[in-house]
Amino acid sequence: MSTAHAGVAGHPIGHSLSPRLHEAAYRVLGEPIDYRAYDLEEGELTGQIALLRQDPAWQGMSVTMPLKSEAAELADELSEQAAVVGTVNTLRPQPDGSLLGHNSDVAGIAASLRAAGAVPEDARASVLGGGGTATA
């Protein structure tokens, strides 16, 4: 039986702290999961996911730029949040073999705003960029 594994995909990905953060969390939780970084450019996620779908030890993938739209297209099913924004930052294999795409960016952004304190009624904001997080 191979070791359970998950990972993060994007490009560039070498700067990502996700592998260290996830592996530290898995250690604390006592979960033997190997968390890997996949440096994939646009168009390369499809092939990688096809390979991973065949691996019963694969637990899921975090997705970052520039792959969030491609991840949404690869998912067999989208969570409500992912369907609304049209991008995915988490892919998770389901027991029936299907692939669920989820987007936690909206919840993260909303939680950050709530933590910042009261927001004035006439508040304004600007979004710079056009990637998956900007869409959320």
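Scroll up to find the structure.
As the structure is a prediction and not an experimental result, all values here were calculated from the model.

Criteria and thresholds
Residues numbered from 1 in each chain as written. Predicted model: local features only at pLDDT ≥ 70, side-chain atom pairs only at ≥ 80, totals over all residues. Heavy atoms only, no water. Buried < 20%, exposed > 50% of the residue type's maximum accessible area, 1.4 Å probe, protein only. Helix = DSSP H or I, 4+ residues; strand = E, 2+ residues; numbered from the N terminus. Pairing = 2+ DSSP bridges. Right-handed = clockwise from strand over helix to strand, strands pointing away. Salt bridge = Lys/Arg side-chain N within 4 Å of Asp/Glu carboxyl O.

Glancing now at the pairing of strand β1 (residues 4-10). Counting buried positions along β1 yields 6 of 7 residues, so the element is predominantly enclosed. Here β1 runs beside strand β2 (residues 33-39); their pairing, made up of 7 bridges, is parallel. Bridged to A4 within β2 is I33. What joins β1 to β2 is helix α1 (residues 18-29), and the crossover it makes is right-handed. One ladder, built from 5 bridges, connects β1 with strand β3 (residues 58-63); its direction is parallel. In the strand pairing of β3, A6 is matched with G60.

Inspection of every chain in the model, using the stated rule, returns 3 salt bridges. Here D34 and R36 are joined by a salt bridge, their closest N and O atoms 2.8 Å apart. Of the residues examined, R36 reaches a relative accessible area of 33% and is grouped as partly exposed.

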